[in-house]
Amino acid sequence: MGVPTIGCTCAVCKSKDPHDYRTRPSVMIEWDGHRVLIDTTPDFREQAIREGIDRLDAVLYTHGHADHILGLDDLRPLSFARVTGGAKLPLYANADTARVLRSVFKYIFDNNYKYGGIAQVHLHEVNSPVEILGKTFQPVTVIHGETEIFGYRFGSAAYLTDFSTVPEESLAKLHDLDVLFLDALRHTPHPTHSTVANSLSIVDRVRPKRTFFTHISHDLAHEATNASLPENVRLAYDGLRLQFEL
Ligand SMILES: [Zn+2]
Ligand SMILES: [Zn+2]
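Since the structure is predicted, the reported quantities are computational estimates derived from the model, not experimental observations.

## Looking at the sheet that holds strand β10 (residues 179-183)
At step 1: In space, the seven strands of this open sheet follow the order β6-β7-β8-β9-β10-β11-β12, with mixed pairing throughout. Only two strands of the sheet have a single partner each, and these edge strands are β6 (130-132) and β12 (233-235). Neighbour-to-neighbour, the strand axes of this sheet turn through a mean angle of 25 degrees, independent of strand direction.
At step 2: Across three bridges, strand β8 (residues 147-154) lies against strand β9 (residues 157-160) in antiparallel orientation. Bridged to F154 within β9 is A157.
At step 3: Packed onto the sheet, helix α8 (residues 196-206) meets β10, β11 (210-214) and β12 and runs at close to 150 degrees relative to β10.

## With respect to the packing of aromatic side chains
At step 1: For the structure shown, the criterion picks out nine aromatic pairs.
At step 2: Look at Y159 and F181: their rings are 5.6 Å apart centre to centre, the planes differ by 70 degrees, and that puts the pair in the edge-to-face class. Taken together, the residues Y159 in strand β9 and F181 in strand β10 connect sequence positions 22 residues apart.
At step 3: Residue Y159 is classed as buried on the basis of its relative accessible area of 1%.
At step 4: Through a chain of ring-to-ring contacts, the aromatic side chains of W31, F137, F154 and F244 assemble into a single cluster.

## Overview of the sheet that holds strand β4 (residues 89-93)
At step 1: Read across the sheet, five strands follow the order β1-β2-β3-β4-β5 without closing on themselves; strand pairing throughout is mixed. The two strands at the open ends of the sheet, each matched to only one other strand, are β1 (27-31) and β5 (121-125). Averaged over all pairs of adjacent strands, the angle between strand axes in this sheet comes to 20 degrees, irrespective of strand direction.
At step 2: Where strand β2 (residues 34-38) meets strand β3 (residues 58-60), three bridges bridge the pair, whose relative direction is parallel. Across the sheet, V36 pairs through a bridge with A58, a residue of β3.
At step 3: Here helix α5 (residues 95-104) sits on the sheet and contacts β4 and β5; the angle it forms with β5, its principal contact strand, is near 150 degrees.

## Notes on the nonpolar core
At step 1: By size, the foremost hydrophobic cluster in this structure holds 23 residues, and its most contacted members are L160, L174, L182 and F213.
At step 2: A per-element tally of this core places α8 first, with four residues.
At step 3: With sequence-adjacent residues up to four places away left out, F213 is seen in contact with L182, A184, V196, S199, L200, L229, V233, R234, L235 and A236.
At step 4: Core analysis: the second largest hydrophobic core is formed by 22 residues, L37, F44, L101 and F109 among them.

Thresholds applied
Residues numbered from 1 in each chain as written. Chains lettered and ligands numbered in written order. Predicted model: local features only at pLDDT ≥ 70, side-chain atom pairs only at ≥ 80, totals over all residues. Heavy atoms only, no water. Pairing = 2+ DSSP bridges. Helix = DSSP H or I, 4+ residues; strand = E, 2+ residues; numbered from the N terminus. Axes fitted to C-alpha atoms, helices over the stretch in contact; angles between N-to-C directions. Contact = heavy atoms within 4.5 Å. Phe/Tyr/Trp six-rings, centres within 6.5 Å; stacked < 30°, edge-to-face > 60°. Buried < 20%, exposed > 50% of the residue type's maximum accessible area, 1.4 Å probe, protein only. Core = buried A, V, L, I, M, F, W, Y, C linked by side-chain atoms within 4.5 Å.

As structure tokens, this is what we get:
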């Protein structure tokens, strides 16, 4: 829901620490002037302006929930020919997610919108590694409640947002990581999300060099939570930048 959460007056929602201000989760991978975004959150416009994003090469989707897709329409200014040179901006999603995108954004994907100005995107359905400009983005299946969705591994980093469980076959894809992002919504169990304790148990299994928790609710204060975590595990925050081998 983002922090502050609408209508909430808890200590984290009222916090003056800028790390406690959380837009919806998304990451961008940048190399040699290329940029790939994972998910277009309802806050994508704010995030893109904050980070000075003036072009994108592709968007990968993890799943079709509102907090991960609703910014798709704000890809418009980055999808027009004057920015892309005429090519449509490629989007990648699994079949379930693609179905949701085509339904929620029917006017974009129906090809019969008369008034112009819609996002110039091309949706690719994928269920295997995606090659983008010489780099590989490998889907890593995670279980989000009862749904199988995608995380992604790219080089020595992996981004797993929105899961309650990570299957054994997927843990096996997470060896030798410099950077791992894991869902850690809060301490209290949730039917579709991971807790701090559950994600720490994944860190113990996978042993990445550094781990960043994401998809954090207003239950977790940035500073106090970090103080309780092992040194190589931190809460992610808006605007966090990391370097790793791609
Ligand atoms: Zn979700
Ligand atoms: Zn989510």
